[in-house]
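# Structure assessment
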Amino acid sequence: MQALFSTMPETAQQPMTDFRRSCLEAEEKNELDAAPSDMDDRLQPGDPYADEIKRLETEYGPLIEGHHLTVQLQDLLAIIPRARRRITAYNGLVKELANRGVTLIIKSRKTK
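Read on for an overview of the structure. (Residues numbered from 1 in each chain as written. Predicted model: local features only at pLDDT ≥ 70, side-chain atom pairs only at ≥ 80, totals over all residues. Heavy atoms only, no water.)

### A look at the overall build of the protein
Scanning the protein from N- to C-terminus turns up 5 helices and 2 strands. Reading the helices (α) and strands (β) of the protein from amino to carboxyl end gives α-α-α-β-α-α-β. Counting contacts in the protein only where the partners sit at least 6 residues apart, residues at least 24 apart contribute 49% of the total. Carbon and sulfur atoms make up 51% of the accessible area of the protein, which amounts to about 8800 Å² in all. (Helix = DSSP H or I, 4+ residues; strand = E, 2+ residues; numbered from the N terminus. Contact = heavy atoms within 4.5 Å. Areas by Shrake-Rupley, 256 points an atom, 1.4 Å probe, with all protein chains shown as cover.)

Put into structure tokens, the structure is as follows:
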């Protein structure tokens with residue numbers, strides 16, 4: 001921890017060239033943390049639907065391209081809760097899965 005602070009500039013007016021240089025050196029020596037190897041390539045860290053897709057996969061198995069999934073709205077609300085209890089609340093998730101080649105069909109008791 002002290003090594004990190006020793007490379008930081010002492011004043012706010014001093015440029016951070018020393019700090020940047022030490023970061024680049026650490027990167028070249030592979031001393032920085034690497035991404036976990038068990039990370040799923042399909043689920044990117046900035047993906048807003050990554051958590052929801054992971055919940056669906058734990059419930060229904062891996063969602064691979066060409067997979068068709070039909071779910072009751074009540075079941076989906078239990079897995080991935082929404083404040084608005086309508087099929088339209090899941091439109092973004094349905095579109096994201098369609099981009100990945102997975103078809104999600106949500107059935108409701110009200111819409112037959």
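Moving on from the model shown.
### Quick notes on helix α3 (residues 50–60)
Since the α-helix turns once every 3.6 residues, residues separated by three or four places project in the same direction. Among the residues making up α3, those that are buried are Ala-50, Glu-52, Ile-53, Leu-56 and Glu-57. Relative to the axis of α3, the buried residues are bounded by an arc of 165° and lie together on one face. The inward-facing, buried residues of α3 abut β1 (68–72), α4 (73–79) and α5 (91–99). The first or second residue beyond α3 is Gly-61, which carries a positive phi of 90°. (Buried < 20%, exposed > 50% of the residue type's maximum accessible area, 1.4 Å probe, protein only. Arc of directions from axis to C-beta.)

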